[in-house]
Amino acid sequence: MYHINFKNPCHIYFIGIGGISMSGLAEVLMKEGFTVSGSDSKESPLTDHLSSLGAVIFYDQSISHIPQGTDVVVYTAAIHPEHPEIVDATKRNIPLLTRAELLGQLMRNYKTAINIAGTHGKTTTTSMVTEILLAANTDPTISVGGILPTIGGNIRVGGSNLFVTEACEYTNSFLSFYPTMEVILNIEADHLDFFKDIDDIRHSFRLFMEKLPKDGILVINGDIHNLSELINGLDCEIITVGHGESCDYRASNISYNEFAQASFDVTDASNTILGHIQLSVPGEHNVYNALAAVALCKKLNISMDAIVSGLLNFHGTQRRFEKKGVVNGITIIDDYAHHPQEITATLTAAKKYPHKKIWCIFQPHTYTRTKALLTDFAKALSLADEVVLAKIYPARETDDLGISSDNIRVLLEQAGTSAHYFETFEEIEKFILQHAASGDLVITMGAGDVVKIGEDLISK
């Protein structure tokens with residue numbers, strides 16, 4: 001395998017350079033003196049930013065643009081083996097790395113490499129950690145899977161030996177990483193187009209934990225089912241966070257303000273209160289995301305003052321309970337939730353947010369996830385007063401499983417929840433304008449392009 005070395009910058013070509021993670025990696029390497037070029041299917045603010053830094057980017061992917069002198073080609077999981085640039089690189093014997101392999105190689109250049117993993121909550125928790133580390137003036141390098149206003153994007157290149165990134169389990173990507181510290185927020189059934197079942201997923205997370213060195217640190221949710229099976233025999237230090245009395249860090253005296261933002265005391269296993277936290281993002285799930293961030297940062301010897309300040313300063317990332325605006329007295333929120341537990345967390349938070357009625361416009365993400373978790377989706381969505389379903393966003397898949405968003409509508413109506421299904425965004429927008437009333441809360445939800453609905457409503 002080709003090895004990236006900051007002491008020997010080379011020329012790297014990215015296929016799919018405009019992706020949220022790929023663009024971040026490209027920027028880190030450019031600021032370390034590497035020459036970067038690449039291709040993508042379309043121009044975007046991320047590619048424009050890279051171009052402004054000096055990257056050469058091509059937008060016609062029907063042919064190969066790999067320049068002479070390229071040392072290594074990096075590609076995403078979405079790129080097929082028959083892609084013209086993969087074929088060209090293979091013919092020319094140019095080394096190939098996946099995005100995950102590059103990220104793993106990159107983090108080996110840092111003394112402290114923090115990986116934040118879990119079925120959900122990765123982007124939020126990585127952002128919380130970022131805010132704390134900035135409040136503590138540690139000058140970290142950060143790669144986050146969303147746009148964080150504090151750092152002006154999805155990447156921050158620091159000057160210290162501290163690197164923080166999300167670690168995704170899909171296609172076992174995180175098994176290519178070299179962490180010294182890990183956070184595992186939760187382990188749930190997801191990505192069942194790749195994993196066989198929940199046991200397969202748990203096995204993958206166990207292998208990820210085993211990537212830690214003996215002097216490594218694992219911060220893990222103590223409420224994970226049958227946790228002992230996952231952590232028994234690990235050589236590293238293990239710190240648990242959660243609800244249980246035996247957890248090393250717990251949240252006590254939790255209360256919420258009028259915008260569903262929690263405040264709580266951080267309590268250790270001896271029931272000593274370590275500090276009081278006020279969050280600027282809503283929901284109980286964020287209490288436990290924050291608790292994981294606290295536990296991690298305490299091991300980095302960050303002061304409670306910096307932890308309190310950093311968490312208070314975190315107002316969310318794009319597409320995570322993001323207020324888009326108000327139209328006709330209707331508040332429009334957008335959220336990335338696309339797994340039943342995420343939906344439950346978001347809608348539970350919404351119930352504490354000012355509203356007369358909660359409308360959830362949900363766009364399922366992939367056919368395999370929808371079919372595998374159909375009843376769980378219906379149960380989670382039933383927390384809304386009204387559910388409006390859009391067509392499934394296919395992402396990397398084709399429609400060959402005989403599943404539709406209308407299957408969710410049927411289950412919801414059988415359970416007594418008002419639900420509606422429309423083929424187009426235009427129909428959904430018209431329906432909302434006709435039926436939602438002033439004081440209602442409308443949440444566009446999903447990992448696809450459902451955000452456009454709320455943006456279109458606001459622009460009308």
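Our subject is the structure listed above.
Residues numbered from 1 in each chain as written. Predicted model: local features only at pLDDT ≥ 70, side-chain atom pairs only at ≥ 80, totals over all residues. Heavy atoms only, no water.

K.L.:
Looking at this structure, I do not really get the pairing of strand S7 (residues 141–148). What am I missing?
P.N.:
The buried fraction of S7 amounts to 6 of the 8 residues, a majority that puts the element mostly inside the structure. The sheet contact formed by S7 and strand S9 (residues 162–167) spans 3 bridges and is parallel. When the sheet's bridge partners are listed, Ser 143 is paired in S9 with Thr 165. Hairpin connection from S7 to strand S8 (residues 153–156): 4 residues lie between these consecutive antiparallel strands, with Gly 152 at a positive phi of about 70°. (Buried < 20%, exposed > 50% of the residue type's maximum accessible area, 1.4 Å probe, protein only. Helix = DSSP H or I, 4+ residues; strand = E, 2+ residues; numbered from the N terminus. Pairing = 2+ DSSP bridges.)

K.L.:
Quick question: what am I supposed to make of the packing of aromatic side chains here?
P.N.:
Here the distance between the centres and the angle between the planes together describe a pair of aromatic rings. Considering all chains together, one arrives at 12 aromatic pairs under this definition. Between Tyr 170 and Phe 194, the ring centres sit 6.1 Å apart and the planes meet at 70°, which makes this aromatic pair edge-to-face. Placement of the pair is Tyr 170 in the loop between S9 and strand S10 (181–184) and Phe 194 in the loop between S10 and helix H6 (198–209), with a sequence separation of 24 residues. Residue classification places Tyr 170 among the buried residues on the basis of a relative accessible area of 17%. Residue Phe 194 is classed as partly exposed on the basis of its relative accessible area, which comes to 35%. Arranged with centres 5.5 Å apart and planes meeting at 40°, the rings of Phe 362 and Phe 377 form a pair that is tilted. Here Phe 377 lies in helix H12 (residues 374–381) and Phe 362 lies in strand S18 (residues 358–362), a separation of 15 residues in the sequence. A residue is classified by how much of its surface remains accessible, and Phe 362, at 0% relative accessible area, is buried. Geometry around Tyr 178 places Lys 211 over its ring, the cationic atom sitting 4.7 Å from the centre. (Phe/Tyr/Trp six-rings, centres within 6.5 Å; stacked < 30°, edge-to-face > 60°. Lys NZ or Arg CZ within 6 Å of the ring centre and 35° of its normal.)

K.L.:
Just to check I follow, could you spell out the nonpolar core for this structure?
P.N.:
In summary, soluble globular proteins display a tendency toward joint burial of nonpolar side chains. Ile 12, Phe 14, Leu 29, Ile 184, Met 209 and Leu 218 are the most contacted members of the largest nonpolar core, which has 49 residues in total. By residue number, the principal contributor to this core is helix H1 (residues 20–31), which donates 6 residues. Among all residues touching Ile 184, those that are not within four sequence positions of it are Ala 117, Phe 205, Phe 208, Met 209, Leu 218, Val 219, Ile 220, Asn 221 and Ile 224. If you look at the next biggest cluster of nonpolar residues, it comprises 43 residues, including Ile 114, Ile 116, Val 183 and Ile 307. (Core = buried A, V, L, I, M, F, W, Y, C linked by side-chain atoms within 4.5 Å. Contact = heavy atoms within 4.5 Å.)

K.L.:
So what exactly am I meant to see when it comes to the sheet that holds strand S21 (residues 441–445) here?
P.N.:
Across a sheet, strands are paired by hydrogen bonds formed along the backbone, either parallel or antiparallel in direction. One open sheet accounts for 6 strands, arranged S16-S17-S21-S18-S19-S20; its pairing is mixed. Two strands in the sheet have a free side with no partner beyond their single neighbour: strand S16 (322–327) and strand S20 (418–421). With direction set aside, neighbouring strand axes in the sheet form an average angle of 20°. Summarising the sheet, S18 and strand S19 (residues 386–389) pair through 4 bridges and their orientation is parallel. Along S19, the bridge assignment pairs Ile 361 with Val 388. Where helix H13 (residues 405–414) meets the sheet, it contacts S18, S19 and S20, and its direction lies at approximately 160° from that of S20. (Axes fitted to C-alpha atoms, helices over the stretch in contact; angles between N-to-C directions.)

K.L.:
Mind showing me how you'd approach the pairing of strand S17 (residues 330–335) here?
P.N.:
Side chains on a regular strand alternate between the two faces of the sheet. Counted residue by residue, S17 has 6 buried out of 6 residues, so it is predominantly covered. In this structure, S16 lies alongside S17, joined through 5 bridges in antiparallel fashion. In the strand pairing of S17, Val 327 is matched with Ile 330. A loop of 2 residues connects S16 with S17, the two strands running antiparallel in sequence, and Asn 328 in this loop sits at a positive phi of about 55°.

K.L.:
Please explain helix H8 (residues 284–299) as it appears in this structure.
P.N.:
The periodicity of an α-helix, 3.6 residues per turn, causes residues three or four positions apart to be oriented the same way. Over its 16 residues, H8 extends 24 Å from the first C-alpha to the last, a length consistent with the 22 Å expected when each residue adds 1.5 Å. Most of H8 sits out of view: 12 of its 16 residues are buried. Residues of H8 that are buried include every one of Asn 286, Val 287, Tyr 288, Asn 289, Ala 290, Leu 291, Ala 292, Ala 293, Val 294, Ala 295, Leu 296 and Cys 297, and no others. At the C-terminal side of H8, Asn 301 shows a positive phi close to 65°. (Expected span 1.5 Å × (residues − 1).)

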